[in-house]
Structures are given as structure tokens and as C-alpha cells.
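So the chains spell out like this:
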Amino acid sequence: MEAKPFGNPVLVKEGEDRIREIACIDEALTFLGTWPATRRGPIYQTAVRACRAACEGSMAPEKARSAFAGFARSTGILEKAIVTLEPWKIYPKRGRDIPI
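All of the points below concern the structure found in this document. Everything numeric in this text was worked out from a predicted model, so none of it was measured.

## Digging into the overall build of the protein
The helix and strand inventory of the protein stands at 3 helices and 3 strands. Each helix and strand of the protein, placed in order from N terminus to C terminus, yields the pattern β-β-α-α-α-β. The proportion of buried residues among the 100 residues of the protein is 27%. Looking at the protein alone, contacts between residues at least 24 apart form 48% of all its contacts between residues at least 6 apart. Surface accessibility of the protein: about 7500 Å² in total, with carbon and sulfur atoms responsible for 55%.

This is the structure:
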């Protein structure tokens, strides 16, 4: 089966000092499969159903990503991505800064 990637990965906390990148539907389902049974509630079930639907092709991978990210947010394990500006991607303005 072909892996269905997310447009942007979801970062989740694993323990105190480890962050895991979930980049596709298969990784999300694997992660959800390891989630403790005692902590599986309605939001967990929604994320699992969405990921399975995306695997079957009846849902867009981005909708499944959104459901998985919602699960991660609700359980407190969603990690925000850190955005850094790289100097070679900052372009100087061209032309004059002062309007004529």
C-alpha cells in the first residue's frame, strides 16, 4: 500500500524530552495503535476513523491530518513547529523605500 503523506507533518510529544514527527497516514495509525486503551475516548476514535478513511481513499489526507492534530491537541501532546528564518531565504527589498 502506498503511504499517503500529510502536507505538513504533525509533531507530537513522546515523554518529557522527545518529539516525534508524524508525516503520513500510516505513521498516524501506528501512533494511535500504541495509545493506551484506558485513554481512548471519542476524539481518539474520530482520529482513527479519519485515518482509516484516508487510507481507503474516501477522505483527503489533510482532513485526516486535521483529525489527528485535533486528537494530539486535546490530549496535550501536540508540539508547535518552530519556524526559523534562514538568512539565504530573506531577500532585500528592491527599489526605493521612500515613496516619490
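The rest of the description comes next.
## What to know about the sheet that holds strand 1 (residues 5-13)
Across the sheet, which stays open at both edges, the 3 strands sit in the order 2-1-3 with antiparallel pairing between neighbours. Strand pairing shows two members of the sheet lacking a second neighbour, strand 2 (19-24) and strand 3 (78-79), which therefore form its edges. Across 5 bridges, the pairing between strand 1 and strand 2 is antiparallel. Bridge pairing links Val10 to Ile22 in strand 2. Packed onto the sheet, helix 3 (residues 61-75) meets strand 1, strand 2 and strand 3 and runs at close to 10° relative to strand 1.

## Structural notes on the layout of surface pockets
In this structure, the largest pocket spans a volume of roughly 170 Å³. Taken together, Asn8, Pro9, Val10, Leu11, Glu21, Arg65, Ala69, Leu78, Glu79, Lys80 and Ala81 make up the lining of the largest pocket. Put simply, the parts of the chain that give the lining of the largest pocket at least two residues each are strand 1, helix 3 and strand 3. The leading source of residues in the lining of the largest pocket is strand 1, at 4 residues.

## What about the pairing of strand 1?
In the case of a regular strand, side chains alternate between the two sheet surfaces. Here 2 bridges tie strand 1 to strand 3, and the two strands are oriented antiparallel to one another. Looking at strand 3, one finds that Val12 is bridged to Leu78.

## Brief notes about the nonpolar core
Formed by 23 residues in total, the largest nonpolar core has its most connected members in Val12, Ile22, Phe31, Leu32, Phe68 and Phe71. Residue contributions to this core peak at 7 residues, all from helix 2 (residues 42-56). Among all residues touching Phe71, those that are not within four sequence positions of it are Phe31, Leu32, Trp35, Ile43, Tyr44, Ala47 and Ile77.

Thresholds, definitions, all that
- Residues numbered from 1 in each chain as written.
- Predicted model: local features only at pLDDT ≥ 70, side-chain atom pairs only at ≥ 80, totals over all residues.
- Heavy atoms only, no water.
- Helix = DSSP H or I, 4+ residues; strand = E, 2+ residues; numbered from the N terminus.
- Buried < 20%, exposed > 50% of the residue type's maximum accessible area, 1.4 Å probe, protein only.
- Contact = heavy atoms within 4.5 Å.
- Areas by Shrake-Rupley, 256 points an atom, 1.4 Å probe, with all protein chains shown as cover.
- Pairing = 2+ DSSP bridges.
- Axes fitted to C-alpha atoms, helices over the stretch in contact; angles between N-to-C directions.
- 1 Å grid on protein atoms, 1.4 Å probe; cavity = no way out; pocket = protein on both sides within 12 Å on 5 of 7 lines; lining within 4 Å.
- Points joined across faces, edges and corners; volume = space filled by probe spheres on them.
- Core = buried A, V, L, I, M, F, W, Y, C linked by side-chain atoms within 4.5 Å.

In short, the description is geometric, and any link to function would need to be established separately.
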